[in-house]
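# Examination of the molecular architecture
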Amino acid sequence: MSKPHDNKAAKSAILGKIRRSLSAVGAVADPNRETARAEVLERLASKPLGIVPKRGEVGAYEKVAMFMDYAERVSSTTARIASYDDLPGAIADYLRAHNLPQSIITGSDPRLAAVNWQSEPQLERKLGPSDGTDLVGVNHALGGVAETGTSILASGPDNPTTINFLPENHIIVVHADDIAGNYESIHDRLRDLGGTAHMPRALNMITGPSRSGDIEQKIMLGAHGPRAVHVIVVG
């Protein structure tokens, strides 16, 4: 059984090794801590970009088409509607086509709250996080990434994270204007919306239904989340 002072010595040795390793590169090598701190703060403020693929650098129409194409390549289904007025009908049609009950659960997202759900009176809409008993969940995405067909969802009361993972069927609503060419553009938008001190607790990047190939190397949908993902692009 190790003694407390042995554990403390081992911890100090590990941290010392990390410090020595860090001192070999960048601003940490500067003996002036204030200079090092200033360089770190400058880098955080400037938000330098890495290599951004050219694939997503296309026009707005092409971004939407690319987003929907790549979403379908990873086993999502997609639909496009002209406005939020058409959303209840699009959801009801999807539920009927897949023999699902006319019942959904959503968060309190203001864009979804403003929809006239009474236009489909048979469609039941529940509010709040999912407890795992809901078959169909609907969330509104922060945006979409054209280069991979990925939907970006920020956690919060407006769009509870449980809806992303617990229902077997996940319907994601995203506005066409919010579809960016690449991930970096979405990150910039998120910082502009919330600032560095108000980031969401979780940022989920969803690219198609949950899947796993762990069992006999066969792809199984719904292994760790929704079995089906349906993306509705508005606008």
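The paragraphs below set out a description of the structure included in this document. (Residues numbered from 1 in each chain as written. Predicted model: local features only at pLDDT ≥ 70, side-chain atom pairs only at ≥ 80, totals over all residues. Heavy atoms only, no water.)

Right, let's talk about the pattern of salt bridges for a bit. According to the stated counting rule, one finds five salt bridges in the structure shown. Close ionic contact of Arg111 with Asp109 constitutes a salt bridge, the shortest N to O distance being 2.7 Å. Arg111 sits in the partly exposed class, given a relative accessible area of 32%. (Salt bridge = Lys/Arg side-chain N within 4 Å of Asp/Glu carboxyl O. Buried < 20%, exposed > 50% of the residue type's maximum accessible area, 1.4 Å probe, protein only.)

It is worth spelling out the nonpolar core at this point. With 18 residues, the main nonpolar core has Leu87, Ile91, Leu95, Ile104 and Trp117 as its most contacted residues. Elements with a contribution of two residues or more to this core: α4 (87–97), β4 (136–140), β7 (169–175) and β12 (228–234). Counting residues per element, this core draws most heavily on α4, at five residues. The contact partners of Ile91, leaving out residues within four places of it in the chain, are Ile104, Trp117, Leu123, Val138, Ile171 and Ile232. Among the nonpolar cores identified, the runner-up in size contains 16 residues, and Met66, Ala146, Ile172 and Ala176 belong to it. (Core = buried A, V, L, I, M, F, W, Y, C linked by side-chain atoms within 4.5 Å. Helix = DSSP H or I, 4+ residues; strand = E, 2+ residues; numbered from the N terminus. Contact = heavy atoms within 4.5 Å.)

With that out of the way, let us pick up the sheet that holds strand β8 (residues 179–180). Within a sheet, adjacent strands bond to each other through the backbone by hydrogen bonds, running parallel or antiparallel. With mixed pairing, four strands are arranged side by side in an open sheet as β8-β5-β6-β9. Only two strands of the sheet have a single partner each, and these edge strands are β8 and β9 (203–206). Relative to β9, strand β6 (residues 150–154) is paired through four bridges, and the arrangement is antiparallel. Directly across from Ile152, in β9, lies its bridge partner Met205. (Pairing = 2+ DSSP bridges.)

Moving on to the side chain of Asn139. Among the secondary structure elements, Asn139 is positioned in strand β4. Contacts of Asn139, omitting those with residues within four sequence positions, involve Gly107, Leu153, Asn159, Pro160, Ile163, Asn164, His170, Ile171, Ile172 and Val173.

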